[in-house]
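Breakdown of the fold
These are the residues of each chain, in order.
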Amino acid sequence: MGACVGYEEQASLHAAEALEGEEAARFLAHLESCAACQAEVASAREVLGLVALPPQTPVEVRAQEGLGARTLAAWRREQTRRGMSRRALGSLAAVAAVVALMLGPSALERLKVPQRAATSAAVQSAGARDDVDAETLAAFEAWAGLDPLDDDGSGYGLDEDLTWDDPDLDGDFDLGGTL
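Note that this is a predicted model, so its numbers are computed, not measured.

The helix and strand inventory of the chain stands at seven helices and zero strands. Per-residue burial for the chain yields a buried fraction of 12% across its 179 residues. For the chain, the exposed surface amounts to about 14,500 Å²; the carbon and sulfur share of it is 59%.

Set out below in C-alpha cells:
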C-alpha cells in the first residue's frame, strides 16, 4: 500500500519535516482523511529514524561551539608564522648581501696582493713537492698571512736534532698562546 498518486513526494517531505507554507497546509488537510498517506508518512518516519544521528553529547556540543573561532585562530597563527619566517629569511638575505658588499672588495684585493719575495724564495728553495705545487703553496701562505714555511724536506718543518723521543717533549704542551 502506498500514498496517493499526487502525494507520494509530499508524504516523504512531510516525514522529513521539509514541507512549508501553503503546501504543508494542503497536505495536512489531505492527511487527516487518507489512511494510505498516513501509513506512508509513518513508514518514511521509521526509515528516517534509522538513519538519523543520535543527539549530541555535551562534550560534542562544547567542541562544536568554539570550532569556528579555534579554526580561525589556528589559521591566523599559521599565517603569522609563515610571515615571520619570510621576514627572517629576507633579513638574512639582506645581511648576507651587505656582508658580501662590504667584504667582497677587500677579499678581491687580498687575492690581488703580489706574493712576497720571501715567500716565493722559500718555496723555490724548498723545491716543488709531489702533492702540492709551489705556486699553490705560496698562494695559500699569502692568503693565510703566514710567513713562509722553512722546509727541510721532511715535510714536518721540525729541526733535525729534535726527535719524538726527546725528553723535553713530555706530552704537556702549553697551547694557550697558540689557540
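Both the distance between ring centres and the angle between the ring planes are used here to describe each pair of aromatic rings. Under the criterion given, the structure shown has one aromatic pair. Summarising the aromatic geometry, the rings of Y7 and F27 are spaced 5.9 Å apart at their centres and angled 50° between planes, so their arrangement reads as tilted. Of this pair, Y7 sits in the segment before helix 1 (8-15) while F27 is found in helix 2 (residues 21-33), placing the two residues 20 residues apart along the sequence. You can call F27 buried: its relative accessible area is 0%.

Turning our eyes to something else, we now look at the packing of helix 1 against helix 2. Two quantities define a packed helix pair, namely the angle between the axes and the distance from one axis to the other. Relative orientation of the contacting elements helix 1 and helix 2 amounts to 105°, with a least axis distance of 11 Å. Put simply, helix 1 runs roughly perpendicular to helix 2. Judged by residue contacts, Q10, A11 and H14 of helix 1 engage E23, F27, L28 and L31 from helix 2. Looking at the contact of helix 1 with helix 2 residue by residue, the class counts come to four nonpolar, two polar and one charged.

In this section: the pattern of salt bridges. A full pass over the atoms with the stated rule returns three salt bridges. R26 is paired through a salt bridge with E22; the nearest N and O atoms lie 3.9 Å apart. Of this pair, R26 and E22 both sit in helix 2, four residues apart, which is roughly one turn of that helix. Of the residues examined, R26 reaches a relative accessible area of 49% and is grouped as partly exposed. Given a relative accessible area of 62%, E22 falls into the exposed group. For R81, the salt bridge identified is with E78, shortest N-O distance 2.5 Å. Here R81 pairs with E78, and both are found in helix 5 (residues 67-112), just three residues apart, close to one helical turn. Given the relative accessible area of 47%, R81 is considered partly exposed. A single network of salt bridges, built from pairs that share partners, joins E78, R81 and R82.

Cut-off values and rules
Residues numbered from 1 in each chain as written. Predicted model: local features only at pLDDT ≥ 70, side-chain atom pairs only at ≥ 80, totals over all residues. Heavy atoms only, no water. Helix = DSSP H or I, 4+ residues; strand = E, 2+ residues; numbered from the N terminus. Buried < 20%, exposed > 50% of the residue type's maximum accessible area, 1.4 Å probe, protein only. Areas by Shrake-Rupley, 256 points an atom, 1.4 Å probe, with all protein chains shown as cover. Phe/Tyr/Trp six-rings, centres within 6.5 Å; stacked < 30°, edge-to-face > 60°. Axes fitted to C-alpha atoms, helices over the stretch in contact; angles between N-to-C directions. Parallel < 35°, antiparallel > 145°, perpendicular 65-115°, else oblique. Contact = heavy atoms within 4.5 Å. Nonpolar A, V, L, I, M, F, W, Y, C, P; charged D, E, K, R; others polar. Salt bridge = Lys/Arg side-chain N within 4 Å of Asp/Glu carboxyl O.

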